[in-house]
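This is what each chain is made of:
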There are 2 protein chains.
Amino acid sequence: MKNNFSVLYLENQLCFPLYAASRLTTKIYAPYLKALDITYPQYLVLLILWQHQIQSVSEIGEQLLLESNTLTPLLKRLEAKKIIVRKRSKTDERTVMVSLTPSGEKMKEKAQTIPTQIMGSFQGEEISESELLNFQKTLKKLVHILGSKSNQ
Amino acid sequence: MKNNFSVLYLENQLCFPLYAASRLTTKIYAPYLKALDITYPQYLVLLILWQHQIQSVSEIGEQLLLESNTLTPLLKRLEAKKIIVRKRSKTDERTVMVSLTPSGEKMKEKAQTIPTQIMGSFQGEEISESELLNFQKTLKKLVHILGSKSNQ
DNA sequence: TACATTTGTATCGCACACGATATAATCTTA
DNA sequence: TAAGATTATATCGTGTGCGATACAAATGTA
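What you are looking at is a predicted structure, and each value in this text was computed from that prediction instead of being measured.

Engineer: Please explain the protein's contact with DNA strand C as it appears in this structure.
Structural biologist: The environment of DNA strand C is made up of 28 residues, and the closest members are T39 and Q42 of chain A together with S68, T72 and R86 of chain B. Sugar plus phosphate, as a fraction of atoms of DNA strand C within 4 Å of the protein: 69%. Contacts to DNA strand C include E93 of chain A, whose backbone N or O atom sits 3.1 Å from a phosphate oxygen. R94 of chain B is positioned with one of its side-chain polar atoms (N or O) 3.1 Å from a base oxygen of DNA strand C. At the level of secondary structure, the elements contributing two or more residues to the surface near DNA strand C comprise helix 2 (40-52) and helix 4 (68-80) of chain A together with helix 1 (4-34), helix 3 (57-64), helix 4 (68-80) and strand 2 (84-88) of chain B. The residue makeup of the surface near DNA strand C, split by class, is 6 nonpolar, 11 polar and 11 charged.

Engineer: I'm lost on unusual backbone geometry in this one. Help?
Structural biologist: Comment: phi is negative for the bulk of residues other than glycine, and the bulk of peptide bonds are trans. Residues and elements named next belong to chain B. With phi around 60°, D37 is a residue other than glycine that occupies positive phi space. Note that D37 resides in the loop between helix 1 and helix 2 (40-52). The residue Q53 is not glycine, and still its phi comes out positive at about 65°. Taking the relative accessible area as the measure of exposure, Q53 reaches 45% and is therefore partly exposed.

Engineer: Would you mind going over the sheet that holds strand 2 of chain B with me for this structure?
Structural biologist: Backbone hydrogen bonds hold the strands of a sheet together, and the pairing may be parallel or antiparallel. Residues and elements named next belong to chain B. Pairing is antiparallel in the open sheet, where 3 strands are placed in the order 1-3-2. Each end of this open sheet is capped by a strand with a single partner; those strands are strand 1 (54-56) and strand 2. Shown here is a sheet whose adjacent strand axes are inclined to one another by a mean of 25°, direction ignored. Bridge count for strand 1 against strand 3 (residues 96-100) is 3 bridges, and the pairing is antiparallel. Along strand 3, the bridge assignment pairs I54 with S99.

Engineer: So what exactly am I meant to see when it comes to the interface of chain B and chain A here?
Structural biologist: By a frequent convention, interface size equals the accessible area lost on bringing the separate parts together. Contact residues are listed per partner, giving 60 residues for chain B and 62 residues for chain A. Summing the contributions of chain B and of chain A, the shared interface buries around 6400 Å²; its carbon and sulfur component is 70%. On inspection of chain B and its partner chain A, the count reaches 2 salt bridges. As a salt-bridge pair, E131 of chain B and K141 of chain A come within 3.1 Å of each other at their nearest N and O atoms. One can count 12 residue pairs in polar contact (both at pLDDT 80 or more) joining chain B with chain A. Only helix 1, helix 2, helix 3, helix 5 (102-111) and helix 7 (129-150) of chain B provide two or more residues apiece to the side of chain B that touches chain A. Per-element tally for the side of chain B that touches chain A: the top contributor is helix 1 of chain B, with 22 residues. A per-class count over the side of chain B that touches chain A returns 35 nonpolar, 13 polar and 12 charged.

Engineer: Help me understand the side chain of Q55 of chain A, please; the structure alone is not making it clear to me.
Structural biologist: Residue and element names in this part refer to chain A. Among the secondary structure elements, Q55 is positioned in strand 1 (residues 54-56). On the accessibility criterion, Q55 (10% relative accessible area) is buried. Among the polar contacts made by the side chain of Q55, one reaches the side chain of Q63 at a distance of 2.8 Å.

Engineer: Looking at this model, I keep getting lost on the pairing of strand 3 (residues 96-100) of chain A. Mind explaining?
Structural biologist: Moving residue by residue along a regular strand, the side chains alternate between the two faces of the sheet. Residues and elements named next belong to chain A. Only one face of strand 3 is covered, namely the one carrying V96, V98 and L100; the face carrying M97 and S99 has none of its residues buried. By the bridge criterion, 5 bridges tie strand 2 (residues 84-88) to strand 3 in an arrangement that is antiparallel. Within strand 3, the position partnered with I84 by the bridge is L100.

Engineer: Can you walk me through the packing of helix 3 of chain B against helix 4 of chain B in this structure?
Structural biologist: Geometry of a packed helix pair, given as the angle between the helix axes and the separation of the axes. Residue and element names in this part refer to chain B. Where helix 3 meets helix 4, the closest approach of the two axes is 10 Å, and the angle between their N-to-C directions is 115°. For the pair helix 3 and helix 4, the crossing hand works out as right-handed. Contact residues: helix 3 offers V57, I60 and G61, while helix 4 offers S68, L71 and L75.

Engineer: Could you clarify how one ought to interpret the protein's contact with DNA strand D in this entry?
Structural biologist: Close contacts around DNA strand D come from 28 residues, with T72, K76 and R86 of chain A together with T39 and Q42 of chain B the closest. Sugar and phosphate atoms represent 70% of those atoms of DNA strand D found within 4 Å of the protein. Between a phosphate oxygen of DNA strand D and a main-chain N or O atom of V57 of chain A, the distance comes to 3.5 Å. T39 of chain B is positioned such that a nitrogen or oxygen atom in its side chain is 2.6 Å from a phosphate oxygen of DNA strand D. Looking at the surface near DNA strand D, the elements with two or more residues in it are helix 1 (15-34), helix 3 (57-64), helix 4 and strand 2 of chain A together with helix 2 and helix 4 of chain B. Its residues assigned to classes, the surface near DNA strand D shows 6 nonpolar, 11 polar and 11 charged.

Engineer: Would you mind going over helix 7 of chain B with me for this structure?
Structural biologist: Because the α-helix completes a turn every 3.6 residues, residues three or four places apart line up on one side. For helix 7 of chain B, with 22 residues, the first-to-last C-alpha span of 31 Å sits near the 32 Å given by 1.5 Å per residue. Listing the buried residues of helix 7 of chain B in full gives E131, L132, F135, Q136, T138, L139, L142, V143, I145, L146 and G147 of chain B.

Engineer: What's the story with the packing of aromatic side chains in this structure? I'm lost.
Structural biologist: Think of a pair of aromatic rings as described by two things: how far the centres are apart, and how the planes are tilted against each other in angle. Applying the stated criterion to the full structure yields 12 aromatic pairs over all chains. A ring pair is formed by F16 of chain B and Y19 of chain B, whose centres lie 5.9 Å apart and whose planes are at 45°; its orientation type is tilted. Of this pair, F16 of chain B and Y19 of chain B both sit in helix 1, 3 residues apart, which is roughly one turn of that helix. Taken together, the ring pairs in this structure connect Y29, Y40, Y43 and W50 of chain A together with F16 and Y19 of chain B into an aromatic cluster. Here the basic side chain of R23 of chain A rests over the ring of Y19 of chain A, its NZ or CZ set 4.7 Å away from the ring centre.

Parameters and conventions
- Residues numbered from 1 in each chain as written.
- Chains lettered and ligands numbered in written order.
- Predicted model: local features only at pLDDT ≥ 70, side-chain atom pairs only at ≥ 80, totals over all residues.
- Heavy atoms only, no water.
- Near = heavy atom within 4 Å.
- Polar contact = N/O pair within 3.5 Å; in protein donor to acceptor, adjacent residues only side chain to side chain.
- Helix = DSSP H or I, 4+ residues; strand = E, 2+ residues; numbered from the N terminus.
- Nonpolar A, V, L, I, M, F, W, Y, C, P; charged D, E, K, R; others polar.
- Buried < 20%, exposed > 50% of the residue type's maximum accessible area, 1.4 Å probe, protein only.
- Pairing = 2+ DSSP bridges.
- Axes fitted to C-alpha atoms, helices over the stretch in contact; angles between N-to-C directions.
- Contact = heavy atoms within 4.5 Å.
- Buried area = accessible area lost by both parts, 1.4 Å probe.
- Salt bridge = Lys/Arg side-chain N within 4 Å of Asp/Glu carboxyl O.
- Left-handed = near helix turned anticlockwise from the far one by under 90°.
- Expected span 1.5 Å × (residues − 1).
- Phe/Tyr/Trp six-rings, centres within 6.5 Å; stacked < 30°, edge-to-face > 60°.
- Lys NZ or Arg CZ within 6 Å of the ring centre and 35° of its normal.

These figures come from the coordinates and say nothing about function on their own.
Following this line, the structure appears as structure tokens:
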């Protein structure tokens, strides 16, 4: 029988494992990304640009659930490293368009091997592929629900 | 059979959603925690102290997967708010023991309603309880696997 | 018992996150 | 079309995370 405070135990909560898993995942990426001299959030921005070539700050923000208060400094750091270019739109002076430099474009090749290596870290005897797929499905739902709850 | 596409897909559908879910969860907690004038990581420390009364910095770190570089400043902020007390151990001058003040002890009552309120806001969502339990189970396994991979 | 090693915290610097606020450009509408 | 509202970025301040390093206390060992 659960007492009233059992809900306050760390292991009974959903949020702590999410927080831990997120940080541990970032740590797994770190050595691979360090070879490219980028961080995990910077890698996420590059994933978008490798796919879409050019995006506004807010378009990037919509996909990563981040806003300009986080993105502007991050993008300036990527620009300082000559990986991207930031340029005000001619048609709407408010928006800043972000695109890759040749150097940033070239990084795509090197980055291509990362996902396979990372997914290896998620492999373990305890988790089957089908379990991982189920997990990913619920996780996606959860993000969707949390996303709608957090901005209302 | 796993091709490059499925690996890429899984990476993007697993690592980024973990990162997003963690941040969104913290955002959901924020208004409840603001009423107690604490942050989410500070709340995690209090969860441990409400259960164990007194813990060393490294014991807290083992449970939260954090080290003194993160914990020391965080604990100092909690001490400044008169929620906890930090005291060097008599038997081993290296270790710092952390415990609750009466004020910090009292916060347990108020905090008890938080998990229930948050879980309640998920009523009627398209995730069943059994799906959530399965999810939680895989998540814990994942944290275990990632934890062992990240510190080697 | 000296001396090297390990352990537990602390400090430093950098890069996020994010609420709050500012600012300029664009859009709405009276 | 002038004035108010909205939109897109940027800035600021605070609080994490975390790798690297420092340092003193405790432990191990010759």
